Amino acid sequence: MTRPYTICLVAGARPNFMKVAPIAHALQARNKAAGLAGIDLRFSIVHTGQHYDVNMSEVFFRELGIPTPDRHLEVGSGSHAEQTAKVMIAFEKVLLEDRPDLVVVVGDVNSTVACSLTAKKLGVRVAHVEAGLRSFDMGMPEEINRKLTDAISDLLFVTEESGMRNLRAEGVAAERIFLVGNVMIDTLLRNVTRIEKPEFAPSDPVRAIRGTGGRYAVLTLHRPSNVDLREALAPIWGAIAEVARQVPILFPVHPRTRGKIAAFGLDGTGISMVDPIGYLDMLYAVKGAALVITDSGGLQEETTALGVPCVTIRENTERPVTVDIGTNYLTGTRPEAILSAAREILSGKGKKGVVPPLWDGHAAERILDVLMRFA
Ligand code: UD1
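Every value quoted in this text rests on a predicted model; they were computed, and no experiment measured them.

Visitor: I'd love a proper account of the environment of Tyr279, names of residues and values included.
Guide: Looking at the secondary structure, you find Tyr279 in helix α12 (residues 279–287). Looking at Tyr279, the relative accessible area reads 4%, which means it is buried. When the C-alpha atoms of Tyr279 and Arg14 are compared, they prove to be 9.9 Å apart, with 265 residues separating the residues in sequence. The residues touching Tyr279, leaving out its near neighbours within four places in the chain, are Met18, Phe60, Glu63, Leu64, Met184, Thr187, Leu188, Asn191 and Glu302.

Visitor: Explain a nonpolar patch on the surface to me, and be specific about the residues and the numbers.
Guide: Taken together, the side chains of Met138, Ile144 and Leu148 present a nonpolar region at the surface, about 270 Å² in accessible area. Among the secondary structure elements, Leu148 is positioned in helix α5 (residues 141–152). Of the residues examined, Leu148 reaches a relative accessible area of 48% and is grouped as partly exposed.

Visitor: Give me the lowdown on the sheet that holds strand β13 (residues 328–330), citing residues and values where you can.
Guide: Taken together, the 6 strands give an open sheet; going across it, the order is β10-β9-β8-β11-β12-β13, and neighbouring strands pair in parallel fashion. Edge positions in the open sheet fall to β10 (271–274) and β13, since each of these has one partner strand only. Averaged over all adjacent pairs, the angle separating strand axes in this sheet is 20°, with direction ignored. Relative to strand β12 (residues 310–312), strand β11 (residues 291–294) runs parallel, the two sharing 3 bridges.

Visitor: Quick rundown of the side chain of Glu302? Include the residues and the values.
Guide: Following the sequence through the fold, Glu302 ends up in helix α13 (residues 298–306). The side chain of Glu302 is buried and forms no salt bridge, while Lys19, the nearest opposite charge, is found at 8.3 Å. Apart from the residues lying within four places of it in its own chain, the contact partners of Glu302 are Met184, Ile185, Leu188 and Tyr279.

Visitor: Provide a residue-level description of the packing of aromatic side chains, including the pertinent values.
Guide: This structure, assessed with the given rule, holds 6 aromatic pairs. With centroids separated by 5.9 Å and ring planes inclined at 45°, the aromatic side chains of Trp237 and Phe251 adopt a geometry described as tilted. Of this pair, Trp237 sits in helix α10 (residues 230–244) while Phe251 sits in strand β9 (residues 249–252); the two residues are 14 residues apart in sequence, bridging distant segments of the chain. No difference in accessibility class separates Trp237 from Phe251, as the two residues are buried. A cation over an aromatic ring shows up here: Arg210 above the ring of Tyr284, its NZ or CZ 4.0 Å from the ring centre.

Visitor: I'd like a description of the pattern of salt bridges, backed by residues and values.
Guide: Enumeration according to the criterion identifies 23 salt bridges in this entry. The salt bridge partner of Arg134 is Glu170, with a shortest N-O separation of 2.7 Å. Placement of the pair is Arg134 in the loop between β5 (125–131) and α5 and Glu170 in the loop between α6 (161–169) and β7 (177–179), with a sequence separation of 36 residues. Take Arg134: its relative accessible area is 3%, and that puts it in the buried class. Classification of Glu170 as partly exposed rests on a relative accessible area of 40%. Across the pair Glu318 and Arg319 runs a salt bridge whose closest N-O atoms are separated by 2.5 Å. Using a relative accessible area of 2% as the deciding quantity, one classes Arg319 as buried. Three or more residues are tied together by salt bridges with common partners; here these are Lys19, Asp108, Glu130, Glu143, Arg146, Glu301, Arg314, Glu318 and Arg319.

Visitor: Before we move on, can you summarise the site of the ligand with the specific residues and values?
Guide: Taken together, 19 residues surround the ligand, and among them Gln50, Glu142, His222, His254 and Arg256 come closest. His51 places a polar side-chain atom, nitrogen or oxygen, 2.9 Å from an oxygen atom of the ligand. The backbone of Asn110 places a nitrogen or oxygen atom 2.8 Å from an oxygen atom of the ligand. Coverage of the ligand by the protein chains reaches 84% of its 740 Å² of free accessible surface. Taken together, the elements giving at least two residues each to the shell around the ligand come down to α1 (14–36), α3 (80–98), α5 and α11 (255–264). Counting residues per element, the shell around the ligand draws most heavily on α5, which supplies 3 residues. In terms of residue class, the shell around the ligand is made up of 6 nonpolar, 9 polar and 4 charged.

Visitor: With reference to specific residues and values, describe the side chain of Ser135.
Guide: Its location among the elements puts Ser135 in the loop between β5 and α5. Residue Ser135 is classed as buried on the basis of its relative accessible area, which comes to 6%. Excluding anything up to four places from it in sequence, Ser135 contacts Met140, Glu143, Arg146, Arg314, Asn316, Thr317 and Glu318.

About the thresholds
Residues numbered from 1 in each chain as written. Predicted model: local features only at pLDDT ≥ 70, side-chain atom pairs only at ≥ 80, totals over all residues. Heavy atoms only, no water. Helix = DSSP H or I, 4+ residues; strand = E, 2+ residues; numbered from the N terminus. Buried < 20%, exposed > 50% of the residue type's maximum accessible area, 1.4 Å probe, protein only. Contact = heavy atoms within 4.5 Å. Patch = residues over 30% accessible without salt bridge, like charges linked within 9 Å, V, L, I, M, F, W, Y side chains within 5 Å. Areas by Shrake-Rupley, 256 points an atom, 1.4 Å probe, with all protein chains shown as cover. Salt bridge = Lys/Arg side-chain N within 4 Å of Asp/Glu carboxyl O. Pairing = 2+ DSSP bridges. Axes fitted to C-alpha atoms, helices over the stretch in contact; angles between N-to-C directions. Lys, Arg positive; Asp, Glu negative; His and termini not counted. Phe/Tyr/Trp six-rings, centres within 6.5 Å; stacked < 30°, edge-to-face > 60°. Lys NZ or Arg CZ within 6 Å of the ring centre and 35° of its normal. Near = heavy atom within 4 Å. Polar contact = N/O pair within 3.5 Å; in protein donor to acceptor, adjacent residues only side chain to side chain. Nonpolar A, V, L, I, M, F, W, Y, C, P; charged D, E, K, R; others polar.

Written out as structure tokens, the structure is:
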């Protein structure tokens, strides 16, 4: 006799997809071993629809081999309250019908907090993957999402030592916290060999920039505090334009940022602005770059894992290991600081960095080891 153990894995927005992929694959791989242990391990994937464009969502499922979602909540865009509320209402219906034993949420997006809160109120256990990260900046929507999700999660899976310290300081019981490494880096390591194979065909703009022989930069910029107001974006853009006089820049533009650049009439000379690109294209572009400039959370970690120097245009980071031992420069938003870090890197004196402990491609397996103990 086996007893069922049903896990619901939530995916909502672009940065979730590369984290969900290795967990889904580990769940598939664990099925047989679970059966031998008397457990009928089943899982379903719920896509909230927070991100819905083909190039913000579907391309990641296709490229990373993530199983097609069993449920699609199709919530779409909206204000924070609207989006969070819509996810909660739709997810509650799914939970009431499916009655999983555990909900697994990843990262720090609105879907993460919405689904963990909904599950917890229905008495369903919650596991949070990428728990414990703190920027200590409550002006960031992601920081609110992280703190709330961690406060109600039953199992907390942590990527770096700072996360362990933060959770202990918040009084989370030690037996619920697990340092397992980084599932996003599982995905990176699994795919980094694919882009070197002859059958990999990058898109035209990515092929063109790689053709420059490594003297190029990759830029991403989408954080509301950096792009929503002209007074914030214009000086940052000025520094980036200066970097573009030294090396060409590939800029896959988030939909919101594209609108702002146009509205503020900013000049993009030397900057190749393209629509958001897929996972493999991005990995190929970043791996070959001399420098990455970003305000993203995930790219700070991916560049550290790849040994590519990264300039992070933010005043704080919830991923301090990337600065302490990795390749990350936390410059803030002052143009002089951005330029000075970029110059140091382009002169060949950039940080070489080391890869943080446990970022070894096996984080999802460690998570499954723990989940099976609690089955
Ligand atoms: C979300 C996450 C952020 C993450 C980012 C990555 C939260 C609070 N923020 O921010 O942590 O770094 O995703 O992309 O969850 N849009 C489209 N097509 C889409 C999705 C969005 O055009 O498929 C446009 C819409 O105009 C939308 C805007 O982008 O209003 C913002 O999308 P939203 O999901 O609200 O937040 P992000 O800024 O993408």
